[in-house]
Amino acid sequence: FGVSFSRDLVEPVKNPTWNPDGLNLQLPKSENGYSLGWSWILGERDLIDVSGSLMQLSGDLNDPYKVVPIGSTGATTVPEVRPDTRSRRALVVKYGHHYPWDGAIKVIYRYYNDSWGIQAHTLEVTYDHRFDSDWIVSPQIRLYTQNGASFYGSRFAAPEPLMSSDYRLSPFDSILGGLTITRKLDEALSVNVGLTLQTQVGRDRITPILTSTPTPGAPAAQPTSA
């Protein structure tokens with residue numbers, strides 16, 4: 001089990017939404033976190049772990065470096081505005097199995113949702129294979145998907161009370177693959193080198209605005225990801 005607490009003072013940069021007069025503001029931000037987990041030894045070769053967590057945030061949760069495109073062309077931008085509270089919840093299930101040929105598989109599933117309307121699923125699989133007594137080769141793959149926050153938009157027709165174009169709050173899918181090689185030097189020390197590659201694809205497809213009349217016969221604008 002675990003608990004965590006933090007108390008911050010945020011000094012936002014000058015902008016017309018949060019700090020129109022350029023004052024030296026100090027806005028509070030707090031985080032309270034709680035977690036609980038349990039592990040079971042199912043047998044000589046199997047282990048399972050279940051855990052949950054809750055994070056409560058309040059205060060200034062805006063990102064002062066994120067702007068929102070406004071209007072049909074998106075030429076005008078204004079600072080984003082996020083809710084001043086957020087409740088984040090996660091459930092994680094881990095399973096490990098050891099094979100008689102010096103191999104082991106680890107599977108992790110994570111479900112996440114929050115009060116901003118985001119739901120996410122993560123599935124990660126790692127396989128460890130031991131060569132001799134000192135080398136371990138570990139390929140891995142991770143799949144992730146999430147929907148967007150309730151106030152997310154790639155572009156807004158007019159300013160709204162809550163709005164953000166932060167891609168981290170958008171609906172997207174990602175896949176990660178990797179490989180790690182570990183070398184055991186002695187009983188207390190080992191070194192490893194690894195490489196991961198991640199691809200992320202947005203699901204908030206938009207069509208670019210044409211600034212002039214297209215030439216007859218020219219190909220139409222293709223949707224692009226925000």
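Just above, that's the structure.
Ordered in space as 1-2-3-6-7-8-9-10-11, the 9 strands form an open sheet in which the pairing is antiparallel. Each having just a single partner strand, strand 1 (2–10) and strand 11 (189–202) make up the two edges of the open sheet. Neighbour to neighbour, the strand axes of the sheet diverge by 15° on average, direction disregarded. Note that strand 9 (residues 135–146) and strand 10 (residues 172–186) share 12 bridges and pair antiparallel. Residue Gln 140 lies in a different strand from strand 10, and its bridge partner there is Gly 178.

Here a ring pair, both rings aromatic, is described through the centre-centre distance and the interplanar angle of the planes. If you walk through the whole model with that rule in mind, you get 6 aromatic pairs. Judged by centre distance (6.2 Å) and plane angle (85°), the ring pair of Phe 5 and Tyr 34 falls under edge-to-face. In this pair, Phe 5 is assigned in strand 1 and Tyr 34 in strand 2 (residues 27–41), connecting sequence segments 29 residues apart. On the accessibility criterion, Phe 5 (54% relative accessible area) is exposed. In this structure Tyr 34 comes out as partly exposed when scored by relative accessible area, which is 37%. Centroid distance Trp 116 to Phe 151: 5.2 Å. Interplanar angle 75°. Geometry classified as edge-to-face. Here Trp 116 is found in the loop between strand 7 (103–114) and strand 8 (119–131), whereas its partner Phe 151 is found in the loop between strand 9 and strand 10, with 35 residues between them in sequence.

Further remarks concern the side chain of Asp 63. For Asp 63, the position within the fold is in the loop between strand 3 (46–59) and strand 4 (67–70). Only 3.1 Å separates the side chain of Asp 63 from the side chain of Arg 168, close enough to count as a polar contact.

Residues Tyr 109, Leu 123, Ile 141, Leu 143 and Ile 175 make up a contiguous nonpolar surface patch of about 400 Å² in total accessible area. Here Leu 143 shows up in strand 9. Judged by relative accessible area, Leu 143 falls into the partly exposed class, the value being 39%.

Another point: the nonpolar core. Judged by nonpolar contacts, the single largest core of 13 residues is most densely connected at Tyr 112, Trp 116, Ile 118, Ala 149, Phe 151 and Leu 169. Excluding its chain neighbours within four sequence positions, the residues that come into contact with Ala 149 are Trp 116, Ile 118 and Leu 169. Among the nonpolar cores identified, the runner-up in size contains 5 residues, and Val 68, Ile 70, Val 78 and Phe 156 belong to it.

Reading the values: rules and limits
- By convention here, each chain's residues receive numbers from 1 onward along its written sequence.
- In keeping with the predicted nature of the model, local features appear solely for residues at pLDDT of at least 70, side-chain atom pairs appear and are counted solely at 80 or more, and the whole-chain, interface and lining totals rest on all residues.
- Side-chain numbers come from the whole structure's heavy atoms, not from hydrogens or water.
- Think of it this way: DSSP has to see at least two bridges between two strands before they count as a pair.
- Comment: elements are numbered from the N terminus, with helices defined as DSSP H or I runs of at least four residues and strands as E runs of at least two.
- Working convention: axes come from line fits to C-alpha atoms, limited for helices to the stretch in contact. Angles between N-to-C directions cover 0 to 180 degrees.
- Only Phe, Tyr and Trp rings are paired, with Trp represented by its six-membered ring, and only when their centres lie within 6.5 Å; those with planes under 30 degrees apart are stacked, over 60 edge-to-face, the remainder tilted.
- Exposure categories follow from relative accessible area, calculated using a 1.4 Å probe and restricted to protein chains: below 20% of the type maximum is buried, above 50% is exposed, and the middle band is partly exposed.
- Definition of a polar contact: a pair of N or O atoms within 3.5 Å, with one able to donate and the other able to accept a hydrogen when the atoms are protein atoms, and with sequence-neighbouring residues admitted only if both atoms are side-chain atoms.
- Only residues whose relative accessible area exceeds 30% and that form no salt bridge are eligible for patches; like-charged ones are grouped when within 9 Å, while nonpolar side chains (Val, Leu, Ile, Met, Phe, Trp, Tyr) are grouped when within 5 Å.
- What sets the accessible areas is the Shrake-Rupley method with a 1.4 Å probe; for residues, cover comes only from the shown protein chains.
- In what follows, salt bridge is the name for a side-chain nitrogen of Lys or Arg lying within 4 Å of a carboxyl oxygen of Asp or Glu.
- Side-chain atoms within 4.5 Å link the members of a nonpolar core, which is a set of buried Ala, Val, Leu, Ile, Met, Phe, Trp, Tyr and Cys residues.
- When checking whether two residues touch, look at their non-hydrogen atoms; a contact exists if any pair is within 4.5 Å.

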